[in-house]
Amino acid sequence: MFTTLKFPIINEEYEQPTGLFINNEFVKAKSGKTFKVITPIDCSHLCDLQEANHEDVDVAVEAASKAFKTWKKLTAGERGEYIRKLADLIDRDSELFAKIESLNNGKSLLCARFDVGLVVKYLRFCAASAESFDGRLINTGSDHMTYTKREPLGVCGQIIPWNFPFMMWSWKIGPAIATGNTVVLKPASATPLSALYAAKLVKEAGIPPGVVNIIPGSGSKCGNAIITHPKIRKVAFTGSTEIGRGVMVGAAENIKKVTLELGGKSPNIVFDDCDIDNTIENIIRGIFFNGGEVCSAGSRLYVQAGIYDTLVAKLKETVEKIKVGNPFDEGVFQGAQTTPDQFQTVMDYIKLGKDEGAKVLTGGERIGEKGYFLRPTILLTENENYRVIKEEIFGPVATLSKFSTIEEVVNMANDSNFGLAAGVHTNDLSKAIDVSNQLEAGTVWINTYNDFHHLVPFGGYKESGVGREMGLEGFDNYTQVKAVNAKLLLKSK
């Protein structure tokens, strides 16, 4: 169940799996139905994939349940060795994975290569960390022996988004299988290609059948079946806050453990004493990396009054030099928006911002007639009640507001239902730490932005999510603690 796909411009070909990956085999969906996958680069049809529904979820869960019985009994070192082999194979095919991401998602090769690099590093971290999950001995008296141990949960259902398809694949699968769980994962319908190609490497790495199952399908027919399935003990979801609420409700039917990495509207704060050139680089990476389709995007810019005019002028000049276009063109930084619906949503928000009174500093327009390309956009705003400031746009659009004092900007930054990330730019470390401590965000970047590292946990405050991914904290979501208390039958002499 494969088809030949060709990358544009470079005209290279590869073999893309098109079936559901269940029990280490690519198979047809029970219904026999398929769905179309397009590329946002020019809206052309790429291929048809098998479409999973509740029947396929049942089959995948049964395979994962059977595999769990033996996978959990392997030593942590043995599981780690399998994951290490998988990471090595992905590293071997890293350039191919980057091209698949660019073809299917529309992101630039620059962004896609960053993603794949982090995937390899994170999986190697999971492999190395597998043996570090232990319990503790508790002193409950000389007549007792008491200890704790961490055990896997069982079958984990995982639903990943379309903005970082392969990166999210690794963030979900790595910690789950390292800790002894098995997985049924649904990639986004718009961007399932890298997940299925990676499944091929799961088998090549020798990971036993049923440990990893990849089943593309719709949210209503496949996703909901995963969320409510009685044999799935944990659900991990990355996506919008709105859908995340529904995931929590569905998982409550049989009290599943839940991890949610949801939306954001992150403030990026620029003080008078910043390094302007470095700050502008960070602003651009913060909002225009990955076409702005980043949950942690620094989409609310706050610039202190003393540097406002200088920074705004230089930022406009720099943003207008960003190369937007076909991700396979040399030098492209910003590729296509991934889906037609999201493209239209971003365009609607730009119009809304102008109607609300925001002024377009730069951008705000579509590029070309084919594909979903937008000019990087900055809206100058004077009213914190604008919807373009309050709501997640999820595209290459930032609002920019002026502030005077620390107290003022902290209040503006925290006046949000979201709390995923924030940025602070200043040469005064004491000020940076003080402001960071006041910000209601799961991650604060100082003099950098979107600077992800596999050792650092990532997750949100407030409506931006539940739990953490990456770092050692990411493994907590996939284990449960058992306490063992043994009374010693001591005989007195």
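Residues numbered from 1 in each chain as written. Predicted model: local features only at pLDDT ≥ 70, side-chain atom pairs only at ≥ 80, totals over all residues. Heavy atoms only, no water.

K.L.:
Any chance you could break down the pairing of strand 9 (residues 155-159) for me, citing the residues and the numbers?
P.N.:
Counting buried positions over the five residues of strand 9 gives five, a clear majority of the element. Across the two faces of strand 9 the burial is the same, with Val 155, Gly 157 and Ile 159 and Cys 156 and Gln 158 all buried. Judged from the five bridges that link them, strand 9 and strand 10 (residues 182-186) form a sheet pairing that is parallel. Counterpart to Cys 156 in the pairing with strand 10 is Val 183. (Buried < 20%, exposed > 50% of the residue type's maximum accessible area, 1.4 Å probe, protein only. Helix = DSSP H or I, 4+ residues; strand = E, 2+ residues; numbered from the N terminus. Pairing = 2+ DSSP bridges.)

K.L.:
Before we move on, could you go through the sheet that holds strand 8 (residues 144-152) and cite the residues and values that matter?
P.N.:
Strand pairing in a sheet takes place through backbone hydrogen bonds and is either antiparallel or parallel in direction. If you walk across this open sheet you meet the three strands as 7-8-26, and the pairing is antiparallel. Each of the sheet's edge strands pairs with one partner strand only, and the pair in question is strand 7 (137-138) and strand 26 (479-487). Strand direction decides the pairing type here: strand 7 and strand 8, joined by two bridges, are antiparallel. Among the inter-strand pairings, Ile 138 is bridged to a residue of strand 8, identified as Thr 146.

K.L.:
So what's going on with helix 11 (residues 340-356)? Residues and values would help.
P.N.:
The end-to-end C-alpha separation of helix 11 is 24 Å, in line with the 24 Å expected for 17 residues at 1.5 Å each. Of the positions making up helix 11, those classed as buried are Gln 342, Phe 343, Val 346, Tyr 349, Ile 350, Leu 352 and Gly 353. Buried residues along helix 11 sit in contact with strand 17 (366-367), strand 18 (373-374), strand 19 (377-380), helix 12 (387-390) and strand 20 (397-403). One or two steps after helix 11, the chain reaches Gly 357, where phi turns positive at roughly 120°. (Expected span 1.5 Å × (residues − 1). Contact = heavy atoms within 4.5 Å.)

K.L.:
Quick rundown of the environment of Leu 196? Include the residues and the values.
P.N.:
As for its placement among the helices and strands, Leu 196 is situated in helix 6 (residues 193-204). Here Leu 196 falls in the buried class, since its relative accessible area comes to 0%. Put simply, Leu 196 and Gln 16 are 180 residues apart on the chain and 7.9 Å apart in space, counted from C-alpha to C-alpha. With near-sequence residues (within four places) excluded, Leu 196 lies in contact with Gln 16, Pro 17, Gly 19, Phe 26, Leu 49, Ile 214 and Pro 216.

K.L.:
Account for a nonpolar patch on the surface, naming residues and giving values.
P.N.:
There is a patch of nonpolar side chains on the surface, built from Leu 137, Met 145, Tyr 147, Leu 488 and Leu 490 and spanning about 500 Å² of accessible area. Here Leu 137 shows up in strand 7. (Patch = residues over 30% accessible without salt bridge, like charges linked within 9 Å, V, L, I, M, F, W, Y side chains within 5 Å. Areas by Shrake-Rupley, 256 points an atom, 1.4 Å probe, with all protein chains shown as cover. Salt bridge = Lys/Arg side-chain N within 4 Å of Asp/Glu carboxyl O.)

K.L.:
Run through the packing of aromatic side chains, naming residues and quoting values.
P.N.:
Per the counting criterion, the structure on display carries 21 aromatic pairs. Aromatic pair Phe 97 and Tyr 197: ring centres 5.5 Å apart, planes at 80°, arrangement edge-to-face. Residue Phe 97 is found in helix 3 (residues 94-105), and its partner Tyr 197 is found in helix 6; the two are separated by 100 residues along the sequence. For Phe 97, a relative accessible area of 0% gives the class buried. Given a relative accessible area of 7%, Tyr 197 falls into the buried group. With centroids separated by 6.1 Å and ring planes inclined at 35°, the aromatic side chains of Tyr 122 and Phe 125 adopt a geometry described as tilted. Of this pair, Tyr 122 and Phe 125 both sit in helix 4 (residues 109-129), three residues apart, roughly one helical turn. With a relative accessible area of 12%, Phe 125 lands in the buried category. Connected via pairs of aromatic rings, a cluster forms that spans Phe 7, Tyr 14, Phe 97, Phe 166, Trp 169, Tyr 197 and Phe 328. The aromatic ring of Tyr 478 is capped on one face by Lys 234, whose charged end is 4.3 Å from the ring centroid. Positioned over the ring face of Tyr 308 is Lys 402, at 4.6 Å from the centre of the ring. (Phe/Tyr/Trp six-rings, centres within 6.5 Å; stacked < 30°, edge-to-face > 60°. Lys NZ or Arg CZ within 6 Å of the ring centre and 35° of its normal.)

K.L.:
Requested: an account of the state of the cysteines, with residues and values cited.
P.N.:
For the structure on display, the rule yields zero disulfides. Unpaired in this structure, Cys 126 has its nearest cysteine sulfur neighbour in Cys 156, at a distance of 13 Å. On the basis of relative accessibility, which here comes to 0%, the residue Cys 126 falls in the buried class. Left without a disulfide partner, Cys 295 is nearest to the cysteine sulfur of Cys 111, which lies 14 Å away. A relative accessible area of 11% places Cys 295 in the buried class. (Disulfide = S-S within 2.5 Å.)

K.L.:
Pulling in residues and values, what's your account of the nonpolar core?
P.N.:
Judged by nonpolar contacts, the single largest core of 103 residues is most densely connected at Ile 90, Trp 169, Ile 214 and Leu 315. Per-element accounting of this core gives the leading share, 12 residues, to helix 4. Ranked by size, the runner-up nonpolar core spans 28 residues in total, among them Ile 269, Val 397, Ala 413 and Ala 441. (Core = buried A, V, L, I, M, F, W, Y, C linked by side-chain atoms within 4.5 Å.)

K.L.:
Pulling in residues and values, what's your account of unusual backbone geometry?
P.N.:
Unusually for a residue other than glycine, Asn 11 sits at a positive phi of about 60°. Residue class for Asn 11 comes out exposed when judged on its relative accessible area of 52%. Positive phi values are uncommon outside glycine, yet Asn 24 reaches one of about 70°.

K.L.:
With reference to specific residues and values, describe the packing of helix 3 against helix 4.
P.N.:
Two elements in contact, helix 3 and helix 4, have axes separated by 8 Å at closest approach and are oriented at 130°. Regarding the angle of helix 3 to helix 4, the classification is oblique. Crossing of helix 3 over helix 4 shows right-handed handedness. Residue-level inspection shows Ser 94, Glu 95, Phe 97, Ala 98, Lys 99, Glu 101 and Ser 102 of helix 3 in contact with helix 4, the latter providing Leu 109, Ala 112, Arg 113 and Val 116. Of the residues contributing to the contact of helix 3 with helix 4, the split by class is five nonpolar, two polar and four charged. (Axes fitted to C-alpha atoms, helices over the stretch in contact; angles between N-to-C directions. Parallel < 35°, antiparallel > 145°, perpendicular 65-115°, else oblique. Left-handed = near helix turned anticlockwise from the far one by under 90°. Nonpolar A, V, L, I, M, F, W, Y, C, P; charged D, E, K, R; others polar.)

K.L.:
Before we move on, can you summarise a positive patch on the surface with the specific residues and values?
P.N.:
Judged by side-chain charge, Lys 66, Lys 69, Lys 72 and Lys 73 come together as a positively charged surface patch. With respect to the secondary-structure elements, Lys 66 resides in helix 1 (residues 54-71). Among the residues examined, Lys 66 registers a relative accessible area of 65% and is labelled exposed. (Lys, Arg positive; Asp, Glu negative; His and termini not counted. Charge placed at Lys NZ, Arg CZ, Asp CG, Glu CD.)

K.L.:
Break down the environment of Phe 125 for me, with residues and values.
P.N.:
C-alpha separation for the pair Phe 125 and Arg 84, spaced 41 residues apart in sequence, amounts to 8.8 Å. Setting aside its immediate chain neighbours within four residues, Phe 125 contacts His 454, Leu 455, Gly 471, Leu 472 and Phe 475.

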